[in-house]
Amino acid sequence: MRLPPHLSVRNGHLHIGAHDTVALARRYGTPLYVTDEERVRANYREYRDALQARYPRVKVLFAAKANGNPAILRALALEGAGADVFSAGELLLALRAGMAPGDLLFNGSSKSPSDLALAVEKGVRVSVDSLDELRQLDRAATEAGREVEIAFRVNPALEVPTHPKIATGLATSKFGIPHGQVPDAYRAALSCRSVVPTGIHCHIGSQILEVKPFAEAAAVMTRLAAAVTDLGVPLTFIDLGGGLGIPYHRTTDPAPTPGDYAAEVIPVFLQGVRDAGISPELWVEPGRYLVGDSTVLLARVNSVKEAHARFVNVDAGFNLLVRPVMYDAYHEIMVANRADSPAAQSSSIAGPICETGDLLARDRALPRVQAGDLIAVLDAGAYGFAMASQYNQRCRCPEVLVRGKEEALMRRGETLDDLLATAEEPPWQHRG
Ligand SMILES: *Cc1c(COP(=O)(O)O)cnc(C)c1O
């Protein structure tokens, strides 16, 4: 298995950066998310540099939904990243992490009146997803006596090779203005009082392991940009979204790099903007690529059961990592405390949740495992903790950040008090 450079096996133990995962699990308990900050920063720099080498006017917005931990947002803010935010919470956390309002884009197909008012108040650009939203945003900005810059989220109607639940640019997707309605949408925006259309935005889907579809999107989007420019819209940015995948199957998946992406996309983009007679900024919104491989989820083996399959029962399930259940996603599994033992048995890794489907992995060739061993789930940094829940009244686990020789909690584990923190007691249950 090809391990990313921040993961290594030393003395039989899986290490992340300079840190022994077995020691971290002992110190902080399990389950435990562990992230290498330097890996996140390096992934960001790789992405930015690959694009800027071919076109200097590039802005990289981290898709904050992939990993909303404030320390991750902070690390990326320190590198100069902006963020694609999908909620008031993500917007406020990105600002709190030190990102500039002008480096954010507020996305989403269903924004509330208070979401729109917040974007106006904070001076954050909005990716508008419908004409209804456009009218509401114009009213909110007019009432506040401010102008707000927008892009339209456009549905480029592209088929992309990924799981249907994360293909977002299909003609049938809930996201974006249908292709044919785009000129009318910009005309409507031009006639608004307080909305200023300056961008155009798409996002074709997630976990895409080929770069061709991104080049197709660049072609569609620059053609639309030309049409929109002809209407008199002063476009200053074209946002191609995120979606570059990572090789979850570490032995077999292709591993396209931001360099591959840039080599395919930028020439198409350059030709397109030249044809349109404009020189806008190019914005991109990687989520998974920046954080996915930075993180391992550590889980302790509670018991092993020989049934129709060999079940390795661990203390983390879809409450902490829902991707295998929700997207049939594959994550590499290692036995962190016997990481150089040969594979001996086929095992399925089962979580502690009261659902038949609660498996983190099926039928994997693993070293012989027993209760007390430590399982590492690789590539858990994107849509991992971010999608965790308290289902079964399980506390969400701590998250540790390592950098060089240092290590620290970036989120403590929850306790029973946290499970009760928002509960209220209806008064009639205590009367009499
Ligand atoms: C989810 C999302 C992204 C990030 O997708 P990744 O596959 O994690 O890179 C970017 N932009 C938008 C609008 C999204 O919804």
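Everything here concerns the structure above.
The rules behind the values
Residues numbered from 1 in each chain as written. Predicted model: local features only at pLDDT ≥ 70, side-chain atom pairs only at ≥ 80, totals over all residues. Heavy atoms only, no water. Helix = DSSP H or I, 4+ residues; strand = E, 2+ residues; numbered from the N terminus. Buried < 20%, exposed > 50% of the residue type's maximum accessible area, 1.4 Å probe, protein only. Contact = heavy atoms within 4.5 Å. Areas by Shrake-Rupley, 256 points an atom, 1.4 Å probe, with all protein chains shown as cover. Lys, Arg positive; Asp, Glu negative; His and termini not counted. Charge placed at Lys NZ, Arg CZ, Asp CG, Glu CD. Near = heavy atom within 4 Å. Polar contact = N/O pair within 3.5 Å; in protein donor to acceptor, adjacent residues only side chain to side chain. Nonpolar A, V, L, I, M, F, W, Y, C, P; charged D, E, K, R; others polar. Pairing = 2+ DSSP bridges. Core = buried A, V, L, I, M, F, W, Y, C linked by side-chain atoms within 4.5 Å. Disulfide = S-S within 2.5 Å. Salt bridge = Lys/Arg side-chain N within 4 Å of Asp/Glu carboxyl O. Axes fitted to C-alpha atoms, helices over the stretch in contact; angles between N-to-C directions. Parallel < 35°, antiparallel > 145°, perpendicular 65-115°, else oblique. Left-handed = near helix turned anticlockwise from the far one by under 90°. Phe/Tyr/Trp six-rings, centres within 6.5 Å; stacked < 30°, edge-to-face > 60°. Expected span 1.5 Å × (residues − 1). Bend = angle between axes of the 7 residues up to and from the residue.

Participant: Let's hear about the overall build of the protein: which residues, and what values?
Facilitator: For the protein, the count of helices and strands is twelve helices and 21 strands. Going through the 432 residues of the protein one by one, you find that 56% of them count as buried. Excluding contacts between residues fewer than 6 apart, the proportion of contacts in the protein whose partners are at least 24 apart in sequence is 70%. Carbon and sulfur atoms form 50% of the exposed surface of the protein, whose accessible area is close to 18000 Å². Within the protein, one finds 45 positive and 50 negative side-chain charges whose respective centroids are separated by 2 Å.

Participant: Quick rundown of the site of the ligand? Include the residues and the values.
Facilitator: The environment of the ligand is formed by 16 residues, the closest being K65, S206, E285, R288 and Y383. Take G287: an N or O atom from its main chain is 2.9 Å from an oxygen atom of the ligand. The separation between an oxygen atom of the ligand and a polar main-chain atom of R288 is 2.7 Å. Out of a free accessible area of 380 Å², the ligand has 97% covered by protein chains. Looking at the shell around the ligand residue by residue, the classes come out as four nonpolar, seven polar and five charged.

Participant: Before we move on, could you go through the sheet that holds strand β3 (residues 19-20) and cite the residues and values that matter?
Facilitator: Strand order across the open sheet formed by three strands is β1-β2-β3, with antiparallel pairing between neighbours. A single partner strand is all that each edge strand has here, and the edge strands are β1 (7-10) and β3. Relative to β3, strand β2 (residues 13-16) is paired through two bridges, and the arrangement is antiparallel. When the bridges of β3 are listed, H15 appears paired with D20.

Participant: Mind laying out the nonpolar core, listing which residues take part and the relevant values?
Facilitator: Counting residues in hydrophobic clusters, the biggest one holds 88 residues, and the most contacted among them are F152, I200 and Y261. With eight residues, helix α8 (residues 212-230) is the single largest residue contributor to this core. With residues near it in sequence (within four places) discarded, I200 still touches A151, F152, V154, Y186, M221, L224, A225, V228, L235, F237, I238 and D239. Counting residues in hydrophobic clusters, the runner-up holds 22 residues, among them A299, V312, V314 and I333.

Participant: Which residues make up the state of the cysteines, and what values do they have?
Facilitator: For the structure shown, the criterion picks out zero disulfides. Between C395, a cysteine without a disulfide, and C397, which holds the nearest cysteine sulfur, the sulfur-to-sulfur distance is 10 Å. The partly exposed category is assigned to C395, whose relative accessible area is 30%.

Participant: A description of the pattern of salt bridges should follow, citing residues and the corresponding values.
Facilitator: Pairs can form between side chains of opposite charge whenever their charged atoms are close. Evaluation of the coordinates by the stated rule reveals 21 salt bridges. With a closest N to O distance of 2.9 Å, K212 and E264 form a salt bridge. Here K212, found in helix α8, pairs with E264, found in helix α9 (residues 258-276); they are 52 residues apart in sequence, far enough to count as distant. One salt-bridge network, held together by shared partners, links E37, E38, R41, R45, E79 and R403.

Participant: Please give an account of the packing of helix α2 (residues 37-52) against helix α3 (residues 70-79) that cites residues and values.
Facilitator: In contact at an axis separation of 10 Å, α2 and α3 are set at 40° when each is read in the N-to-C sense. Accordingly, the angle class assigned to the pair α2 and α3 is oblique. Read as a crossing pair, α2 and α3 show a hand that is right-handed. Residue-level contacts link E37, V40, R41, Y44, R45 and R48 of α2 to I72, A75, L76, L78 and E79 of α3. Grouping the amino acids of the contact of α2 with α3 by side-chain chemistry returns six nonpolar, no polar and five charged.

Participant: Summarise the packing of aromatic side chains; cite the residues concerned and give the values.
Facilitator: By the definition in use, this model includes nine aromatic pairs. Aromatic pair Y47 and Y261: ring centres 6.0 Å apart, planes at 45°, arrangement tilted. Of the two residues, Y47 sits in helix α2 while Y261 sits in helix α9, which places them 214 residues apart along the sequence. Here Y47 and Y261 have matching classes, each one buried. Aromatic ring contacts, followed pair by pair, group Y47, F214, Y261 and Y289 into a single cluster.

Participant: Give me the environment of S279: which residues, what numbers.
Facilitator: Relative to the assigned elements, S279 resides in the loop between α9 and β13 (281-284). Separated by 41 residues in the primary sequence, S279 and I238 place their C-alpha atoms 9.7 Å from one another. For S279, the residues in contact, after removing those within four places along its chain, are Y55 and R57.

Participant: Outline the pairing of strand β15 (residues 310-314), supporting the account with residue identities and numerical values.
Facilitator: Counting buried residues along β15, five of its five residues qualify, which places the element largely inside the surrounding structure. By the alternation rule, side chains of β15 split into R310, V312 and V314 and F311 and N313, which are all buried. Where strand β14 (residues 295-306) folds back onto β15 in an antiparallel hairpin, the turn is made up of three residues. Alignment of β15 against strand β17 (residues 345-350), held across three bridges, turns out to be parallel. Looking at β17, one finds that V312 is bridged to I349.

Participant: Give a detailed account of α9, specifying residues and quantitative values.
Facilitator: The terminal C-alpha atoms of α9, which comprises 19 residues, lie 25 Å apart, in line with the 27 Å expected from a rise of 1.5 Å per residue. Largest kink in α9: about 30°, centred on V265, with the proline P267 one to four residues after it. Restricting attention to buried positions, one finds in α9 the residues P258, Y261, A262, V265, I266, F269, G272, V273 and A276. Buried residues in α9 make contact with α2, α8, β12 (237-239), β13 and α10 (288-291). Of the residues trailing α9, G277 is marked for its positive phi of about 70°.

Without other data, these values stay purely geometric and don't point to any function.
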